[in-house]
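Coordinate analysis (summary)
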Amino acid sequence: MNARTSALDSLVFGVDVQSGDIRGDAPSYALVAFDGEHIDRDVVSFRKLRRLVSREKPAIVATDNMYELAEDKESLVRFLRSLPEETKLVQVTGAERPEPLSRVASRHGVPYGKNPMKEAEAAARLAAANVGYEVAAFTNTTTVKVSRGRSTGKGGWSQDRYTRRIHGNVRNAARKVESKLKEAGLEYERDVTEKYGGYANATFTVRARPGDIPVSSRRSGDTRIEIEPVRRDGIEFEPLAKRRDHVLVGIDPGTTTAAAVVDLEGTVLDMYSSRTADTAGVIEWLIERGRPIVVAADVTPMPETVEKFRRSFDAAGWEPTSDLLVDEKLHRTRNAEYDNDHERDAMAAALFAYDAHEDQFERIGRKVPPQFDREEVIARVVAGGESVEAVLSDLAEDDEPEEESEEHGPRELTEEEKRVRRLETQVDRLEGHVEDLKETLREKDERIEEYKRELSDARREERRKARERREVNRLERENGRLKRELDAERERVDELESKLARLKTLWKLDHSNFSDVAEGRGLVPVKVIDQFTRGAIERADENYGLAPGDVVYLRDASGAGRSTAELLAETEPRVVLRDGGLSDVADEVLFEREVPVGPAADVTIQEVDELAVAREREIEGVIDDWETRARERRREQKVDMVDQIISEHRAGEGRSD
């Protein structure tokens, strides 16, 4: 076995399909519970398996294929969400490209058999030895959402009070949650939707797992609290234990030195950056995390500092054909987290190096029998330049058990036999080298074809951009012409408006007396007051003066009080035309001052700017109507006064009796 951490002291469940299929109606599973010493075996249904996991809370549920427990990715995410906080789902056969379980078990010296119970036991033992990858669908970030626990309804009596109470309770619950997060020292971000009376909802994005949050999901009356871990972009795999396996390393030198470690499956294991660490410190950090077989840079040629690291580990070097662009690095590292740009650049170098060697790793892996360490063979081929056959032959000789000596000892090979063996080894090495060269040639041909396609696409894109530039230039010229025409029209409008203003001024100077406008035409000038307020009366007096005998038109006669009515009466108007109803106080004041008042609807008023005129005969008709009403009103007042005097007289006589 490779150097790893010691076996787990916790309970591990090994699982394999016994019969049926997860996509069917009722699959059954071979279940092995292993605690490092004792083994319990059973055949259970999927429902019972989930109950046992919830009850026993094992540290690991191990399987050789995660899709034996879920029919698709969404079902797998739901299964992971249902696991207890302390339970991991582990795929012991690898990450995205799992190996056969028999090969992994043989490599790590774990007993293996082809029946489901033996496979479940092998999975449990491998996971207990920290072999495999944790299947992860959630980040270390959790959302806590506080929202309404019931609908605010469609309206009715006391609807506002009911809605305000619910929103207020949501706000109070959100404040309590925030207080608990602060007390726990957790980092979080808050997003609140404010509504009438409080909050409609409040969402806290907390940098912690659900088990570390001092709040639980609940629904109580007006409020509801939901806790959900934040999903990753997809399913990711994390190695159970960091070990000194063969790795690829990316280095970003400079004032801040950064390094990134990627395993032979393309998974980022760790990152590092420091402004103070020297070369020895970085090398020590790398030695703790693996044995580098490739050291990569993100620029070409490879910087001397990166070359020193490569020589220190006697590893193969990798550099891009041209400096990696920032957009390329951002895209390649989009699914990983890093603290700064230096770590991103180092990680990008390691991942691009992995991309360049991925096909080679797969070819080598297909040639490696199960009893050999695949990573060791890859390391010697990539870093040492040996052929696969030579490495396997060497490893086979090392693993051959020493045969018991015969009575007279082993027979010594003849020179001819030694020569044949050397030639056979050389032929195997050369054949492997030829195969590698053919594969390299094929890759280069594919790369050339890819470059040709990219060149064709680039030319097509350039032609499209050229057409767009020509069209943009044409539209810009057209836009410029239209802007010039618009500016010319605006100047012409300004000129005409100025001319019109001058004409208005001259006309007003020639007709300063309003009576001149209507002279000889049977018209009378009307002075317009917008509202029956002191301010409107004073503005009208300031603009064109209010003189005795004027016909006054109130656009809005409502709302005037006694002082406002007295101010208008003091101008001694001939008649007041009104739109809207007068207040009782204003009507009484104007009547007492004998100011005729009539509805403007009875008169045809023609307005030009601040000027207005009306027909003389219609004005006289309004005045006549008012006088008729006034006589009737005075008569009624006299009758009321006489009735009052008689009533008072009679009341006085009654008191004297």
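Residues numbered from 1 in each chain as written. Predicted model: local features only at pLDDT ≥ 70, side-chain atom pairs only at ≥ 80, totals over all residues. Heavy atoms only, no water.

**Side note on the overall build of the chain**
Put simply, the rule reads: Only runs of H or I of at least four residues qualify as helices and only runs of E of at least two qualify as strands under DSSP, and these elements are numbered from the N terminus. A simple rule labels every residue: compare its accessible area, found with a 1.4 Å probe on the protein chains alone, to the largest value its type can have, and call it buried under 20%, exposed over 50%, or partly exposed in between. Contact definition: two residues touch when any of their heavy atoms are within 4.5 Å. Method for areas: the Shrake-Rupley scheme with a 1.4 Å probe, in which residue coverage is limited to the protein chains shown.
Scanning the chain from terminus to terminus reveals 17 helices and 21 strands. In the chain, which comprises 657 residues, the proportion classed as buried is 39%. A fraction of 63% describes how many contacts in the chain between residues 6 or more apart in sequence connect residues 24 or more apart. Working note: accessible area of the chain is about 38900 Å², and carbon and sulfur atoms make up 46% of it.

**Focus: the environment of Ala557**
In this structure, Ala557 sits in the loop between β17 (551-556) and α15 (562-570). Between the alpha carbons of Ala557 and Leu577 there is a distance of 9.0 Å; along the sequence they are 20 residues apart. Filtering out sequence-adjacent residues up to four positions away, Ala557 remains in contact with Phe532, Arg578, Asp579, Gly580, Gly581 and Leu582.

**Here's the deal with α15**
Every α-helix carries 3.6 residues per turn, so stepping three or four residues along brings you back to the same face. Turning to α15, its buried residues number three or more, namely Thr564, Ala565, Leu567, Leu568 and Ala569. For α15, the secondary structure elements touched by its buried residues are β16 (523-531), α14 (534-544), β17, β18 (575-578) and α16 (584-592). A positive backbone phi angle near 50° is found at Glu572, which sits one or two residues after α15.

**Thoughts on the sheet that holds strand β13 (residues 268-274)**
This is how the line gets drawn: A pair of strands counts as paired when DSSP detects no fewer than two bridges linking them. A fitted line through C-alpha atoms represents every axis, and for helices the fit uses only the stretch in contact; the resulting angles, taken between N-to-C directions, go from 0 to 180 degrees.
Strands sit in the order β13-β12-β11-β14-β15 across an open sheet of 5 strands; the sheet is mixed. What marks the edges here is a single partner per strand, and that holds for β13 and β15 (316-318). The average undirected angle you get between the axes of adjacent strands in this sheet is 25°. Relative to β15, strand β14 (residues 291-296) is paired through 3 bridges, and the arrangement is parallel. Bridge pairing links Val295 to Gly317 in β15. Along the sheet, helix α7 (residues 304-313) contacts β11 (246-252), β14 and β15; its crossing angle with β14, the most-contacted strand, is approximately 155°. Strand contacts of helix α9 (residues 341-367): β11, β12 (257-263), β13, β14 and β15, with the helix running at about 140° to β11, the strand carrying the most contacts.

**Topic: the nonpolar core**
Short version of the rule: Grouping buried Ala, Val, Leu, Ile, Met, Phe, Trp, Tyr and Cys residues that are joined through side-chain atoms within 4.5 Å yields what is termed a nonpolar core.
Formed by 29 residues in total, the largest nonpolar core has its most connected members in Tyr29, Leu49, Leu69 and Leu89. If we skip the residues at most four places from it in the chain, Leu69 touches Val15, Ile22, Tyr29, Phe46, Leu49, Val61, Thr63, Phe79 and Leu89. Grouped together as the second largest cluster of nonpolar side chains are 26 residues, Ile293, Val381, Val382 and Leu392 included.

**Notes on the pairing of β17**
Rules: Convention used here: a crossover is right-handed provided that the path from the first strand, over the helix, to the second strand proceeds clockwise when the strands point away from the viewer.
In this sheet, β17 lies alongside β16 in parallel orientation, the contact comprising 5 bridges. Paired with Val526 across the strands is Val551, a residue of β17. Traced from β16 through α14 to β17, the parallel crossover comes out right-handed. In this sheet, β18 lies alongside β17 in parallel orientation, the contact comprising 4 bridges. Within the sheet, the bridge partner assigned to Leu554 lies in β18 and is Arg578. Viewed along the sheet, the connection from β17 through α15 into β18 turns out right-handed.

**Some words on the pattern of salt bridges**
Selection rule: Salt bridges are defined by distance alone: a side-chain nitrogen of Lys or Arg within 4 Å of a carboxyl oxygen of Asp or Glu.
Scanning all chains against the criterion turns up 42 salt bridges. Among the ionic pairs, Arg464 bridges to Glu461, the shortest N-O distance being 2.2 Å. With Arg464 and Glu461 both in helix α12 (residues 415-510) and 3 residues apart, this pair spans about one turn of that helix. Overall, Arg464 belongs to the partly exposed group, its relative accessible area being 32%. Under the relative-accessibility criterion, Glu461 is labelled partly exposed at 30%.

**Description of the packing of α14 against α15**
Here is the rule we go by: The cut-offs work like this: below 35 degrees is roughly parallel, past 145 is roughly antiparallel, 65 to 115 is roughly perpendicular, and the gaps in between are oblique. Throughout, a crossing is termed right-handed when the near helix is turned clockwise from the far one, and left-handed when it is turned anticlockwise from it by less than a right angle. Residue polarity is assigned by list, with Asp, Glu, Lys and Arg as charged and Ala, Val, Leu, Ile, Met, Phe, Trp, Tyr, Cys and Pro as nonpolar; anything else, Gly included, falls into the polar class.
At a closest axis distance of 9 Å, the pairing of α14 and α15 adopts a crossing angle of 20°. When the axes of α14 and α15 are compared, the pair comes out roughly parallel. Between α14 and α15 lies a crossing of left-handed hand. On α15, the residues touching Arg534, Ile537 and Glu538 of α14 are Ser563, Thr564, Leu567 and Leu568. Counted by class, the contact of α14 with α15 contains 3 nonpolar, 2 polar and 2 charged residues.

**Some remarks on the pairing of strand β8 (residues 198-206)**
When you tally the buried positions in β8, you get 7 out of 9 residues, the bulk of the element. Bridge count for strand β6 (residues 133-148) against β8 is 6 bridges, and the pairing is antiparallel. The residue bridging Thr143 from the neighbouring strand is Thr205, located in β8. Sheet topology places strand β7 (residues 188-195) next to β8; 8 bridges connect them, and they run antiparallel. Paired with Glu189 across the strands is Thr205, a residue of β8. Linkage of β7 to β8, two consecutive antiparallel strands, is achieved through a turn of 2 residues, within which Gly197 is found at a positive phi near 95°.

**A closer look at α9**
We apply this condition: One less than the residue count of a helix, multiplied by 1.5 Å, gives the span that helix is expected to have. By definition, a residue's bend is the angle between the axes fitted to the seven residues ending there and the seven starting there.
Relative to the 39 Å expected for 27 residues at 1.5 Å per residue, α9 spans 39 Å between its end C-alpha atoms, a close match to the ideal helical length. At His357, α9 shows its strongest bend, of approximately 50°.

**Some thoughts on a positive patch on the surface**
Test applied: Only residues whose relative accessible area exceeds 30% and that take part in no salt bridge are eligible for patches, with like-charged residues grouped when within 9 Å of each other and nonpolar side chains (Val, Leu, Ile, Met, Phe, Trp, Tyr) grouped when within 5 Å. His is not counted, nor are the chain ends, whereas Lys and Arg count as positive and Asp and Glu as negative. Note on charges: their place is set at NZ of Lys, CZ of Arg, CG of Asp or CD of Glu.
A cluster of basic residues, Arg459, Arg463, Arg467 and Arg470, forms a positive patch at the surface. Among the structural elements, Arg470 can be located in helix α12. We classify Arg470 as exposed; its relative accessible area is 53%.

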